Amino acid sequence: MISKRLISILFLCILISCAPSFNRDKALFDASATKAKLKAIDDLNDCYFEIKENGFIDFYCQLYDSLKNTHYPGRYTQQEDTLFLKFYNKDAYKILGKKALISHTKKEILFFDTYPGIRNRLLFN
């Protein structure tokens, strides 16, 4: 008879193996070309959001054009002008939210969880 502890360990292993892992997708992420790059300029940090091929996204900030001091890679799916974001690091949702609305006429992208609760706004380069 299988003990409850063994079942718990097996269940935990399955959960961990099913969780999205950036290490697993890193090679494809690095090989994916950037389709669009958006930028928000602040006093200290410039923040960038890149939409890449193969359903990848990348959000990062740089201090005075130096090395990235914040980095949140992820995946996205798109329905018309809305991107549904899925970051590997859940902290990114606190900054951007789970959805993004692209406005090509205003040349901007709005990040939110539920519209109109805008969390962040970036402009096209």
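That block above? That's the structure.
Here is what the cut-offs are and how they apply
- Residues numbered from 1 in each chain as written.
- Predicted model: local features only at pLDDT ≥ 70, side-chain atom pairs only at ≥ 80, totals over all residues.
- Heavy atoms only, no water.
- Salt bridge = Lys/Arg side-chain N within 4 Å of Asp/Glu carboxyl O.
- Helix = DSSP H or I, 4+ residues; strand = E, 2+ residues; numbered from the N terminus.
- Phe/Tyr/Trp six-rings, centres within 6.5 Å; stacked < 30°, edge-to-face > 60°.
- Buried < 20%, exposed > 50% of the residue type's maximum accessible area, 1.4 Å probe, protein only.
- Lys NZ or Arg CZ within 6 Å of the ring centre and 35° of its normal.
- Disulfide = S-S within 2.5 Å.

J.: Mind showing me how you'd approach the pattern of salt bridges here?
T.: In total, this model carries four salt bridges according to the counting rule given. A salt bridge links Asp25 to Arg75, with the shortest nitrogen-to-oxygen separation between them at 3.8 Å. With Asp25 in helix 2 (residues 22-31) and Arg75 in strand 4 (residues 68-79), this residue pair connects regions lying 50 residues apart in the sequence. Among the salt bridges present, the one from Lys94 reaches Asp91, with a minimum N-O distance of 3.6 Å.

J.: How do you make sense of the packing of aromatic side chains when you look at a structure like this?
T.: Ring pairs (aromatic) are described by centroid distance and by the angle formed between their planes. Applying the stated criterion to the full structure yields five aromatic pairs. Relative to Tyr60, the ring of Tyr48 lies with its centre 5.2 Å away and its plane at 25 degrees, an arrangement referred to as stacked. Linking Tyr48 in strand 2 (residues 45-52) with Tyr60 in strand 3 (residues 56-63), this pair joins segments that are 12 residues apart in sequence. Taken as a pair, Tyr48 and Tyr60 share a single burial class, namely buried. Against the face of Phe56 rests Arg75, its NZ or CZ located 4.0 Å from the ring centre. Positioned above the aromatic ring of Tyr93, the side-chain terminus of Lys98 is 5.7 Å from the ring centre.

J.: Which parts of the structure should I look at to understand the state of the cysteines?
T.: One way to say it: the disulfide is the covalent bond shared by the sulfur atoms of two cysteines. The full count for this structure, using the stated rule, is one disulfide. The disulfide partner of Cys47 is Cys61, and the S-S distance across this bridge is 2.2 Å. Because the torsion about its S-S bond is 95 degrees, the bridge between Cys47 and Cys61 counts as right-handed. Highlighted residues: Cys47 in strand 2 and Cys61 in strand 3, separated in sequence by 14 residues. On the basis of relative accessible area, Cys47 is assigned to the buried category, the value being 16%. The class for Cys61 is buried, based on a relative accessible area of 7%.

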